[in-house]
Structures are given as structure tokens and as C-alpha cells.
Amino acid sequence: FGVPRREAVKELALCGRGLAPLVCVVGGAVAVAQTPLVEEDVLRLASVQAPALRVANAASLQAEAQVAASGLWPNPSLQFQRNQSFDPLDISENSLFLTVPIISGRQAAGRSLARVGAEGVNLRREATRVNAVASALRTFYQALAAERRTALLRSAQGQLDDAQRVLRSREAVGESSG
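So, how was this worked out
Residues numbered from 1 in each chain as written. Predicted model: local features only at pLDDT ≥ 70, side-chain atom pairs only at ≥ 80, totals over all residues. Heavy atoms only, no water. Helix = DSSP H or I, 4+ residues; strand = E, 2+ residues; numbered from the N terminus. Buried < 20%, exposed > 50% of the residue type's maximum accessible area, 1.4 Å probe, protein only. Contact = heavy atoms within 4.5 Å. Core = buried A, V, L, I, M, F, W, Y, C linked by side-chain atoms within 4.5 Å. Expected span 1.5 Å × (residues − 1). Arc of directions from axis to C-beta. pLDDT = per-residue confidence, 0-100. Patch = residues over 30% accessible without salt bridge, like charges linked within 9 Å, V, L, I, M, F, W, Y side chains within 5 Å. Areas by Shrake-Rupley, 256 points an atom, 1.4 Å probe, with all protein chains shown as cover. Salt bridge = Lys/Arg side-chain N within 4 Å of Asp/Glu carboxyl O. Phe/Tyr/Trp six-rings, centres within 6.5 Å; stacked < 30°, edge-to-face > 60°.

Caption draft 1: Spotlight on the overall build of the chain. A tally of regular secondary structure across the chain gives four helices and four strands. Along the chain, helices (α) and strands (β) appear in the sequence α-β-β-α-α-β-β-α when read from the amino end. Counting every position in the chain, which comprises 178 residues, the buried fraction comes to 18%. Restricting the contact set of the chain to residue pairs at least 6 apart, pairs at least 24 apart contribute 50%.

Encoded structure:
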């Protein structure tokens, strides 16, 4: 696909079933696979460790926190005030004010808006998960196909080497035709 060989190796992040220990590049770190991965491992790893999915999970948690915060009532306030005049009548007045915000439909609308926003974030998170899994599976099956092609080519090379050996031995004895 026009990707230089080195770049293709850098993009390979998963190993296939039955592959010999294969160099895997995950997040820029190079490691040799100790045991070959199977499809279930690829699904599990892609569903948990994809960087884009981690970001989407954090956004989902933030959206859920906004839903919870939107359901809170505003804090009431309490205020005390004292007025006193120092004239011949010496009048004093003490006042206590309790302010309780009355919210009609605004709080319910804010809560509904936050809930819809959270649902949208959760849908984007799920789409990110599906894309990460699809990408990982695509890479897994490409590696598996490459392994099978390599095995077929090695088998064909072995058969050609055998045929060449037989042909040379017949030439040495003078039994070959052509």
C-alpha cells in the first residue's frame, strides 16, 4: 500500500496464532512476543488498552459526572443583618434572611441536556472501541496471512530444492532429458 517496509513493521502491534516470536511495537516500545496471541487475546487487548479508547472512557466518566452535578440543587444562603441607630431613641433592628433559589424547569432541562450529552459521549466511546477492535483484528489477520504465505513459500522452495537435487543427481549419471 505504498508504506515503506520499516513503517509497516512499526505499525504492526499484534502477533498471530502460531507465529514464531515476532517483534511487536506497542506505543513506541519494542518487545518480543513470548507467546503467540490468539484472536481472543487481540479482542481483549484492543478493548482495554487502545489509547483512543482510554481517552473515550475518560470523556465518558466526565460526562457522567456532569449528569450527576446537574441534578444538584443550588445552595441556599443565610444572611444576618443588624441595624442600630445611636440617636436619642436608640432603635435597633435584627434581620435574618434565608434565600432558597426556586428553579422551575431550568434544572430539569439542564439535567436532560447533560444526560443526552452523556449518551452521545457513550456512543462515541463505543464507536471508538469498535474501531480499535476492528483495526487490531485487521492487523492480526494480516500477520496471520503473512505467516501462512511465508510457510507456503518455504514449502515450495523446499520442493524446488528437492527437484533440483534430483535433477543434478540424474545429470551426474546421465539420465536426465533436456
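Additional details are given in the paragraphs that follow.
Caption draft 2: Just the nonpolar core, in detail. Within the largest apolar cluster, eight residues are counted, these being Leu37, Val42, Ala46, Val133, Ala136, Leu137, Phe140 and Leu144. Of all elements in the fold, only α2 (39-49) and α4 (105-173) reach the threshold of two or more residues within this core. Top element by residues in this core is α4. It accounts for five residues. Residue contacts for Ala46: discarding those within four places in its chain leaves Leu53, Ala132, Val133 and Ala136. Core analysis: the second largest hydrophobic core is formed by five residues, Ala63, Ala114, Ala118 and Val121 among them.

Caption draft 3: Spatial organisation of helix α3 (residues 51-70). If you check α3, its first and last C-alpha atoms are 29 Å apart, about what 20 residues at 1.5 Å a residue would give, namely 28 Å. For α3, the complete set of buried residues consists of Leu53, Ala56, Ser60, Ala63, Val67 and Ser70. The buried residues of α3 occupy an angular sector of 100 degrees when the element is viewed end-on, so they sit on one face. Looking at α3, the residues exposed on the side facing more than 90 degrees away from the buried face are Pro51, Arg54, Val55, Leu61 and Ala68.

Caption draft 4: Spotlight on the side chain of Ser70. Note on placement: Ser70 falls in helix α3. Aside from chain neighbours lying at most four places away, what touches Ser70 is Gln107, Gly110, Arg111 and Ala114.

Caption draft 5: The arrangement of the confidence of the model for the chain in detail. Confidence in the prediction of the chain, expressed as mean pLDDT, is 79, and 79% of residues score 70 or more. The least confident element of the chain is helix α1 (residues 5-11), whose mean pLDDT is 39; the most confident is α4, at 91. Taken together, the stretch residues 1-30 has pLDDT below 50 and engages in 54 contacts with residues farther than four places along the chain or on a different chain.

Caption draft 6: Molecular detail of a nonpolar patch on the surface. There is a patch of nonpolar side chains on the surface, built from Leu78, Phe80, Leu96, Leu98 and Val100 and spanning about 590 Å² of accessible area. Where the nonpolar patch is concerned, the elements lending two or more residues are β3 (77-84) and β4 (92-99).

Caption draft 7: Quick look at the packing of aromatic side chains. Going through the model one piece at a time under the given rule, you end up with one aromatic pair. For the ring pair Phe140 and Tyr141, a centre distance of 5.1 Å and an interplane angle of 70 degrees mean the geometry is edge-to-face.

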